[in-house]
Structures are given as C-alpha cells and as structure tokens.
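Summary of structural features
Spelled out, the chains give:
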Amino acid sequence: MMDKTFDPAAVEARVSTAWEEGQAFRAGRPERAGAEPFSIVIPPPNVTGSLHMGHALNNTIQDILVRFERMRGKDVLWQPGTDHAGIATQMVVERRLMETQQPGRRELGREEFLRRVWAWKEESGGTIIGQLKRLGASCDWSRERFTMDEGLSRAVLKTFVDLHGQGLIYRDKRLVNWDPKFQTAISDLEVQQIEVKGHLWHFDYPVVDETGAETGAVITVATTRPETMLGDTAVAVHPDDERYRDLVGKRVRLPLVNRLIPIVADAYSDPEKGTGAVKITPAHDFNDFEVGRRHSCRPINVLDAEARIQIAGNADFLTDAEPEEAALALDGLDRFEARKRVVALMEERGLLRAVEPNTHAVPHGDRSGVVIEPYLTDQWYVNVKPLAERALQAVRDGQTKFVPENYEKIFFQWLENIEPWCVSRQLWWGHQIPVWYDAEGGIFVAESEAEALAQAKAKHGSEVTLTRDPDVLDTWFSSALWPFSTLGWPDKTPELARFYPTNTLVTGKDIIFFWVARMMMMGLHLTDQAPFETVYLHTLVRDEKGAKMSKSKGNVVDPVDLIDRFGADALRFTLAALAAPGRDIKLGPQRVEGYRNFATKLWNAARFAEMNGCELKADFRPEDVRQTLNAWALTEAAKALAEVAQAITVYRFNDAAAAAYRFVWNVFCDWYLELAKPVLQGEGVDPAARAETQATVAFLIDQIAKLLHPFMPFLTEELWAIKGQALPTPRGLLALESWPDLSAYQDARAEAEIGWLVDLISEVRSARSETNVPAGAQIPLVLVAADAAVRERVERWSETLVRLARLSEIGFAEAAPKNAVQLLVRGSVAALPLEGIVDLAAEVARLKKEAAKARTEIGKIDGKLGNADFLARAPEEVVDEQRERRDAEAARLVKIEEALTRLSDA
C-alpha cells in the first residue's frame, strides 16, 4: 500500500542508496560495451563551495541530458570533480588559522601551510559533492577528480613546459589586476565593479618651453586618483581638439615631482569628458599603459605590493625627477591617505582648479573586498593569439556549436581581440610554476627539479643551486585542461579514446571567455580536437522580482533550503520549466512549491490507481487496447514522449518540461482519470472494459515515470519500484531502463472522439467563466445542426458531459436559440442559451469597460517601454516587470474580446 503522502526526504535517501548499491551511474558498463558513448564533464565547482542556485540550474540541466541519454541506451560518462580554487581556498584556510589563533601562513612556512590546506580539503572539501548528490546528479562518482590530483597535476606541468618550449609561454612586465590584501594578481572574473561616490579633481600642470622654464600657461587634467600623478609620464589630448592643438609636442612640469613630461595627441582622450586632457600613468591604468606604449612613455610604478607609496629606492621614480621634500614625505603612506595629501599639496600650490562629485565604477576584489590596483609586475604569460585562431576556426567550421547560437558572436568578439593571458599568481596553494632560477637569473623550465638541475648542469658544466619560482598557476590554467586531463591525458588511456571529445558542455554564459574559450584553445592545441561538440549556455537565476541575488541584498535563495522544504524533484522541475533559452530565471519559493504540488498530484494519481485495482500486467500490449478512452490516452502519451524527446535533443528544456507537465497534469490526471472513473468505479461495467482500463492506467503510470525521470528522478524511481511489485519477476532500476517508444501507436479515431469531448467541456467551462454564469447554476447545451457522428458521441458521453460541464440538459436544434452563446468545437457548433441566467446587456457593458481598462494600461506601459530615458535608467528587473505586465494585460484583453465576440453572437 502506498503511503498517503509523498515524503521527499525519506524517498530521496532510500533511492540514493539504491542507485549507489546498483552502481547505476557507472560509465563503461559491460552490457553497454558496444553502445554509443555520451560524455559530459561537470564544470568543477570550487572545493570550498556550497551549492548555490547557479550550480543547481547547471547540474539539473546536465542531469536531464545524461539521464535521458542513459535511457536511450548510450554508454554515459558524466565526469565529476572539484577545482582547487587557489585564492578562495587559501583565504578560507588563512581565516581559519586566524580564528583559531594559530600562526599565520608566513609564520608556518610554505610546506606546513600547504599541509594544513590539504588537511582542510580532506576534512571539509567535500560539502558540495554531497549537495550535488542530494540534487540527484547522476555522475559517475567512482571517477571523481580534483584539479590537484597527481594525474591532473602532471598534465598541468607538461602543458606549461611544452608551451614554453614552443615559445608560447614567456615572462613579461605588464599591468595586472593586483589585490593588495592578498598580494597577488587576479583574473578579470575575480574583479567586481562597484559604483562609488567619489570626486573628480582638476589639476593644473604648468606648460614649459624648450629650456624647461614655465611659460605661464597651464593644461588642466581631471583625475579620480590623484595619488597616481606621481607616476605620470605624459598628458594626452585628442588630436582633433582645437583647444590643445598648439600644445601638442610641448611639455609640462609635473607638480611635486618636477619631471618634464610630453603632451601627446591620442584618440583615447575624450574631448567631451572632464577637461579633455588626461594624465597618462602607464604603470597604474590599463588604458594609460596602451597609450604609453603608443608614445614610448616609460611606466613608473609608485606603489608597492600593499598599495603604499614607494619612493625611497625607487630608481624609476627618481630618474629625470627632482621631487620636492613634500613629495618624498609621501613615501610609505597608504594610497588613500596619500590621495588626501596630494590634493592638499596641490591646493597649497594653487594648482587645484576644481573638485566635482563623481560617481564611477571602481574595481574591487570579489573575495578581499578591497580596491584592485592596476599594477606593473613581472608575470608569466601565455601568447594565446595563435591558439585563439584555431578555436575561432573550429566554431566557424561547425566542429563546435553554441546553443543559443547568438553566443557565438560574443565568443568571436572576445577571441578576435584577445590579449596575452597572465597565468602566474602570487599564492602558495595551487600548481607551483615549474620554473627554476640560478644565481645569475637564468631560467630552467622542466617538469621536475631533477630535470631542471640537469639542464643547469649542462649549461654551467657543473652542478649549481637552483631556486624554484614561488608563484602558482592561475586556477583557470588547470581548468582549461579539464575535459581531457580527467580522462588520463597525456597518457593514451582507454577512457580518453572512448569519451573524448565530449558531446556537450553545459555552463553559464558568464564564463564563455574564462573557461569555455580556454578549454577550446588548449583542447585543440594539445589534442588536435575540439573538446566538445556543443556548448549549451544557460542564463542566470535571479530572485522572484528579477534582481540579481547577492548576500548584501539579502535575496539569496538557498537551493539546499528549497530541497529541504519541497524536495529535490520540485526544485529540479522548476528550474527546467523556467530554463527558456537566453532568458534569466526569476525564482521564488512559491514557484518551487507549485511544482511540489505537481509531484503530489502524480503521487495521488498513483494512489488512486492502486485503490482502484490498477496493477501492471506483464502481457499488456498497447496495440491490443479496444476502449476508445484508453486508446486516446495512449495516443496522447505517444505524442508527449515524442515532444519531450525532441525538446531535450535540441536543448529546449523548458519546452520539454512543459510537454511533460501538460500530459501528466492536464491529460492524464485531469482528463483521463476523471473520464475513467465511471469505468473503474461504476456499477454494472463490462469486466473486460474495466480490466483493460486498469491495465492501461498502470501502464501509463509506468510511461510517466520514464517520461519524468530525467526531471524528477527520486519520485519516479520510487513509483517504478512500488508499481513493479505487481509483476511476477523483480525489475531493475528505472535509471537504467529504456526510454519508452510509443511512436508507432496512433489512434486517430480515438483522438477525434475524446479530443472533441475534452474540447467541448473546456469550451463550455470557459464560456461559463467569461460570462459570469454562477458556479452552481446548471445550464442547457444545444448542439446545432449536429450530424450523426456528433449525435452518437453525445449519446455515449451524455452523463459525462452533464457531470463535468454542469449542464441541466442536452438538446439538438437546426439553429441556435435566441440569446445563446455559440461555441465552435472541431467544426461542430454548440450553443448555451443564457436568457434568464445572465443579464447579457449588463455583461457586455461590463466586458467593454474591462477591455477599455486593459487598453489604457497597455498604453501606459507602452509609453514607458518606448521611452529611451526610462530604458536607460530603470533597473533591468523593473523593465522586465513592465514587459511582463504588458504581456499579462494583452492576454487578458484577448480573453475579454473572445467573451465579447461570443456574447455579440447571442
């Protein structure tokens, strides 16, 4: 006997155990040795992480794909694993040391600190894996990998050494995003732009003549970062700016520092912004760095690694300068304190022209929370330009396709304008760069210290002492190798031969460049194959109002909390149902609760079937069905199975979920079971008809379990097990069953009859609602000029029509009665005489008034959406809300106009 209610927590635990014991998700099962392979690599979550809503969406989509393909008989590998997450993990462990009042990283030393990190990883690093299992992710967990596993680390070192040998990795002094708190370079993805209310300071720089004497003229520059003026090496103006045409080529004296710097013409300067003249500080601004290169202006670094002013011993700063004592006194000051002092010094000298408020975006470290500095340091770079060309060509040639296709444009734009990739990080946790230095600064790149020492001995003729580069590689470097390093590359393993290239990559649109493009470049360069055939890019999950989730806003929706409240199946189905291509998802608990109700509806339907003797029959064959109602239900099931399969195949997960939902809730529960009640529960029913209906209901619940399994694996696996108990021999796990094939089953006659019945009842119900017929009122139905086939249908289904459409009687006439609402149902006309039941004139007046209100509201919204200023200023979620309101009003207007049309015919 089934439990009265579906208990997700109990079922999820039981089913998870069954999957694990049955090794349901193992790739390379013996019985599938000859099957077509299908492989996906999981985007490895940070080992420090907990499941967030982006993970939940990403892994739900992947799981739908792999469960579907597994049911289609393929040998499926969903490769799981986690990323070592350099800066995030190091930060977590350092914070833990501080909280437990233990020595810090530098006091412990590198070796002991790394031992502590590994210990933390073993103790706490598996949280997100457990959460993914709770979500129902059907990865081959026996193959779980970690980006710092021995095999993956060997792949990383080999890649670095090989790329260096090919001249694609080199050391250079360039600007990087520098985090002064963690004292390391970070990637663009780890930089968060935050709107800050600051100031724009206008400084006068004195113009000098050929001898260096001040002419009395000044050029005014505007800056948001006065402290960096100490490193200015030019002033730039636009070549077409008439105000400064005569000054181009002249020089100015840099206040406080007394360095003579040129005025250059460069299109970077915007005549409409500020004064139209900009200070150029190549060592502390990415744009200035490029301007400086164009005009041969040397970069002067005036900050140290902790973002303090660095003057003492700074040869670059002191060259060609005669700094005032006041400038020298800035040495060692924090950058923000130095900013105040520089402004004060400029004001004292009468060189502060103006100060204006200025709100602008300032880069912050997403983990440290401090302002990021563009910082000039020696780093290791990959020349990715030649690698990018192959990745671009692979997409142009169709080796790899993007879904949705419009993301190809973003991919092309980024790779066509790609810059060298900074791959070194000033951290301890990560893959230490395989580079050693001798006492003279000679470089030896090798996969091991022994190889480096051998190289050094060959160079020097004797053994020498080497020092290893302390930096580690960017986490994205090892992630770029993930699709093939997890399969054993660089060794030629059986897994690599069978499952690489992978079929599909599912990831977020925000890391096309940081991860997708780099995997494409590395995969093609190192394996000569694109790492995946299809890249499916999903959108963001926002809160129910459309705002981006953030801890500061307090609007973060925790997927684990939703699983606890509503079950994993409800969350998964919600995400699938809302995953429309290219549209961000608006998610709130109410939506998940709604799909929890869907799970409950199916559970109750299965209990209803059990209580009415609907048990599986081993010898049931759909083609033997004789009852029209059962044939119709099977035809609808065949249609739903085809729709769901087609939608999943083309990555339209929302359409697949909608088709599954429509069949289960609307067709099976609301119509089929309702229409079957008289056969299942009535008196004097033909035993053969009842037995066939019971067997068909049971068979369809089995088909529903298969249909919904990719979306709702726990509920469906439980139903499969419960219903299978009626069979004479035990059956295996649903996860390893075949996808149902009812494609050959189509009964047009049954669809015509039951489809007509369903449509007629639906039209009557709609007409009653639209014309305000009291809910308890029974009204007559007249079939107009009905042919013999319609009369026969009415005769067969008259009791059902009366019961479900709340009719007082059913009659026939050659013409529609006066004051009747007319309905067109599959070519036949039905009429509802409403005289005496509804005041038709009053109802028409009411509907016209409602229509006018809807048109007015649509007009107001159109006015907003047509206002360019509103679109530019309003938050994205507000604009989306207006569009949704317009859609809702337009849909309401259509319904009102349909009702008016019906009443005007009466």
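In the block above lies the structure referred to throughout.
Okay, so let's go over this structure. (Residues numbered from 1 in each chain as written. Predicted model: local features only at pLDDT ≥ 70, side-chain atom pairs only at ≥ 80, totals over all residues. Heavy atoms only, no water.)

1. Details of the sheet that holds strand β23 (residues 532-538)
Rule in force here: At least two bridges found by DSSP between two strands are what make those strands a pair. In this description a helix means any DSSP run of H or I spanning at least four residues, a strand means any run of E spanning at least two, and both kinds are numbered starting from the N terminus. Angles shown run from 0 to 180 degrees and are taken between the N-to-C directions of axes, each axis being a line fitted to C-alpha atoms and, for helices, limited to the stretch in contact. Contact criterion: two residues are considered in contact whenever any of their non-hydrogen atoms come within 4.5 Å of each other.
Strands sit in the order β15-β23-β22 across an open sheet of three strands; the sheet is parallel. Only two strands of the sheet have a single partner each, and these edge strands are β15 (401-403) and β22 (502-508). Direction aside, the axes of adjacent strands within the sheet are offset by 20° on average. Where β15 and β23 come together, three bridges link them in parallel fashion. Each residue of the ladder has a partner; that of F402, found in β23, is V535. The sheet contacts of helix α18 (residues 512-527) involve β15, β22 and β23, and relative to β22 the element is tilted by about 165°.

2. Considering the sheet that holds strand β19 (residues 443-445)
Taken together, three strands build an open sheet; the order of strands is β19-β18-β20 and the sheet is antiparallel. The outermost strands of the open sheet, each flanked by one partner alone, are β19 and β20 (467-468). Sheet analysis places strand β18 (residues 435-437) next to β20, joined by two bridges and oriented antiparallel. In the strand pairing of β20, W436 is matched with R468. The sheet strands contacting helix α14 (residues 449-460) are β18 and β19, and the helix crosses β19 at an angle near 135°.

3. Examining the pattern of salt bridges
This is how it is decided: Just to be clear on terms, a salt bridge is a Lys or Arg side-chain nitrogen sitting within 4 Å of an Asp or Glu carboxyl oxygen. Per-residue accessibility, obtained with a 1.4 Å probe over protein chains only, is compared with the maximum for each type, and a residue is labelled buried under 20%, exposed over 50%, and partly exposed between these values.
Per the counting criterion, the structure on display carries 63 salt bridges. Across the salt bridge formed by R826 and E751, the nearest N and O atoms sit 3.0 Å from each other. One end of the pair, R826, is in the loop between β28 (820-825) and β29 (828-833); the other, E751, is in helix α26 (residues 748-770), and 75 residues separate them in sequence. Residue R826 is classed as partly exposed on the basis of its relative accessible area, which comes to 44%. Overlapping salt bridges bring together E36, E69, R72 and K74 as one network.

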